[in-house]
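Below, each chain spelled out in residue letters.
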Amino acid sequence: MAGSKTYYLTTPIYYVNDAPHIGHAYTTLACDVLARFHRLDGKEVFFLTGTDEHGQKVEKAAVEAGVDPQAFTDRVSVNFRDLATAMAFSNDDFIRTTEDRHTRSAQAIWKALADNGEIYLGSYAGWYAVRDEAFYTDSELETRADGTKVAKTSGATVEWVEEPSYFFRLSEWQDRLLDFYDKNPDFIRPESRRNEVVSFVRSGLKDLSVSRTTFEWGIPVPGDEAHIMYVWLDALTNYITAVGYPETDSELFRRCWPADLHMVGKDILRFHAVYWPAFLMAAGLEPPKRVFAHGWWTNEGQKISKSLGNVIEPNALIERYGLDPVRYFLLREVPFGNDGDFSHRAMVGRLNGDLANDLGNLCQRVLSMISRNCGGSLPDPTTRQTEADVELITGADALLPRLREELDVQAFHTALAAIWAVIGEANRYIDSQAPWALRKTDPERMGAVLYALAETIRKIAILLQIFMPGSAAAILEQLSVPTAARTLSDLDVPLRPGVSMPKPQPVFPRYVEEEEEP
Ligand code: ME8
């Protein structure tokens, strides 16, 4: 595949001051599913995640923890690596902004911007929210009853900042950005978010302060070490650092850049869809192909926050429900792009309904009938195949093109719904064909029915590997599908009659409410 474009996708790099929670897991999970899909499809993939370790917010957290910022970030960054392991994320790299490769890259983009006349020295006087690491204008703020000023969008408290600062000539990028959005209608997804960004840019852009002098935890501005780079310029640059910037001629950079997808939450869309393409174009680099801004999770109807004490820890969820049910729930429950609410009830509904009943029972019924009635080897359907069998299998064949379409627009929920429609078909088919009743009367026909079902389950399980890698592997194991025969191109290679199958084990146990649960 020499010379072909690598599918390059990224998550935001997370602030290390927070413990990883369901929101972080969600964004990375969405990327993981896409990465797995493209890999199974035979593409080269580069999937990046990591941690954002500079800035005032992280420095503050380190001071509060009583450790120096480097030691603090070394310690807490590990929590995000552990999250990746716990969630079975298949990222190819994990970047930390305190790494040397990143300092070099961030300073190089600064120099490129300065050399191109895009940065000038001035002074900033205005509002800054440490929690968002963002500058706000008066019109973006509101005053609470107690007199504190907060950002309307995030509710973060702002403070007045006055200091010398370098500025990026963002105001001069308005038309070029609008032109770029126009020529690349899919750059910002979903559509509603695109409209928000376009009208924000249309309303006029001000030059952006890109350095700070009143604290030290950041990357020094090349040639003026009294300043450190604004944490968002530093952080966004991680996406090019990881693919080798400033070596733009390197093999990795050429194969990966521009990135195919930056997946982000809606809270940080402006940084990714306005500032980032402007920085890149100003530095002579291509903007990424797409920024997708997904929605926000609440917990049982409430905003998730440390102060409310309702942060959902991925590890606690995994322990309670199992990893794959959690992965499934997060992407099935809420149309991707919309806000969603996590509730125990909805989680158990999905686990017991979609997983244990629909998919789990289907597998268990079919595999145990093969085990009990066909001597544990897959029956030969050839002599007794009917149109109904072919129809069932053809229905499963239609899934791949459908998934390609859905995943191309990051519609995970409809991709899963399409797979579950075929699972529903298979369950109706088993009931209408009643293979158990054929055992004595027409064993050959029973064999053909079970074959059609096993083949349908195989196709479903191959596709489900991207969402639920562990459970899908367990199903494929029980169908004796070799590991080397589980890619998307193997969808067309049918199961071989006569192959022996191990004794089946249930894949999705039902969730049984514990006594003390509400
Ligand atoms: O913003 N629901 O990092 P961050 C859904 N370091 N997603 C959520 C969520 C929720 N309740 N809470 C968090 C930063 N997220 C910067 C990014 S990138 C160059 C720098 C997810 O730790 C969502 O993806 O605050 C959101 O955009 C991200 O975590 C914010 O992570």
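Up top is the structure these notes are about.
Within each chain, residues carry numbers counting from 1 in the order of the written sequence. In view of the model being predicted, local features appear only for residues whose pLDDT reaches at least 70, and side-chain atom pairs are presented and counted only at 80 or more, with totals across whole chains, interfaces and linings using the full set of residues. Just so you know, side-chain values use all the structure's heavy atoms and leave hydrogens and water out.

A. Quick look at the overall build of the protein chain. Only runs of H or I of at least four residues qualify as helices and only runs of E of at least two qualify as strands under DSSP, and these elements are numbered from the N terminus. Of regular secondary structure, the protein chain possesses 19 helices and 18 strands. The principal-axis extents of the C-alpha atoms in the protein chain amount to approximately 90 × 55 × 40 Å. Looking at the protein chain as a whole, 58% of its 518 residues are labelled buried. Note on areas: these come from Shrake-Rupley sampling with a 1.4 Å probe, and a residue is covered only by the protein chains present in the view. When the accessible area of the protein chain is evaluated, it comes to approximately 21,700 Å², of which 50% is carbon and sulfur surface. Mean positive and mean negative side-chain charge positions of the protein chain (53 and 74 charges, respectively) differ by 4 Å. Under the scheme applied here, a residue whose accessible area is under 20% of the maximum for its type counts as buried, over 50% as exposed, and between as partly exposed, the area being computed with a 1.4 Å probe on protein chains only. Here Asp and Glu are counted as negative and Lys and Arg as positive; His is not counted, and neither are the chain ends. Here the site of a charge means NZ on Lys, CZ on Arg, CG on Asp, or CD on Glu.

B. Fine view of the sheet that holds strand β10 (residues 208-209). Strand pairing is assigned whenever DSSP identifies at least 2 bridges connecting the two strands. Spatially, β5-β4-β8-β10 is the arrangement adopted by the four strands of the open sheet, whose pairing is antiparallel. Edge strands, defined here as strands with exactly one partner in the open sheet, are β5 (134-136) and β10. As defined by bridge partners, strand β4 (residues 119-129) adjoins β5 across three bridges and the pair is classed as antiparallel. Residue Tyr128 lies in a different strand from β5, and its bridge partner there is Phe135.

C. Representation of helix α2 (residues 56-65). Considered for burial, the residues of α2 that qualify are Gln56, Lys57, Val58, Glu59, Ala61 and Ala62. Positive phi shows up at Gly66, right after α2, with a value of about 70 degrees.

D. Main features of the packing of helix α12 (residues 323-332) against helix α13 (residues 344-373). Two numbers describe how α12 lies on α13: the axes approach to 10 Å, and their chain directions differ by 105 degrees. Overall, the two elements α12 and α13 adopt an arrangement that is roughly perpendicular. Along the contact surface, α12 presents Pro325, Val326, Tyr328, Phe329 and Arg332, while α13 presents Ala346, Met347, Arg350, Leu351, Asp354 and Leu355. In the contact of α12 with α13, the residues fall into eight nonpolar, no polar and three charged. Here an axis means a line fitted to C-alpha atoms, over the contact stretch when the element is a helix, while the angle between two N-to-C directions is reported on a 0 to 180 degree scale. Throughout this description, any angle smaller than 35 degrees is read as roughly parallel, any larger than 145 degrees as roughly antiparallel, any in the 65 to 115 degree range as roughly perpendicular, and the remainder as oblique. Contacts: residue pairs with any heavy atoms within 4.5 Å of one another. Just so you know the grouping, Ala, Val, Leu, Ile, Met, Phe, Trp, Tyr, Cys and Pro go in nonpolar, Asp, Glu, Lys and Arg go in charged, and all remaining residues, Gly too, go in polar.

Honestly, that's just the spatial picture; any functional story needs more than this.
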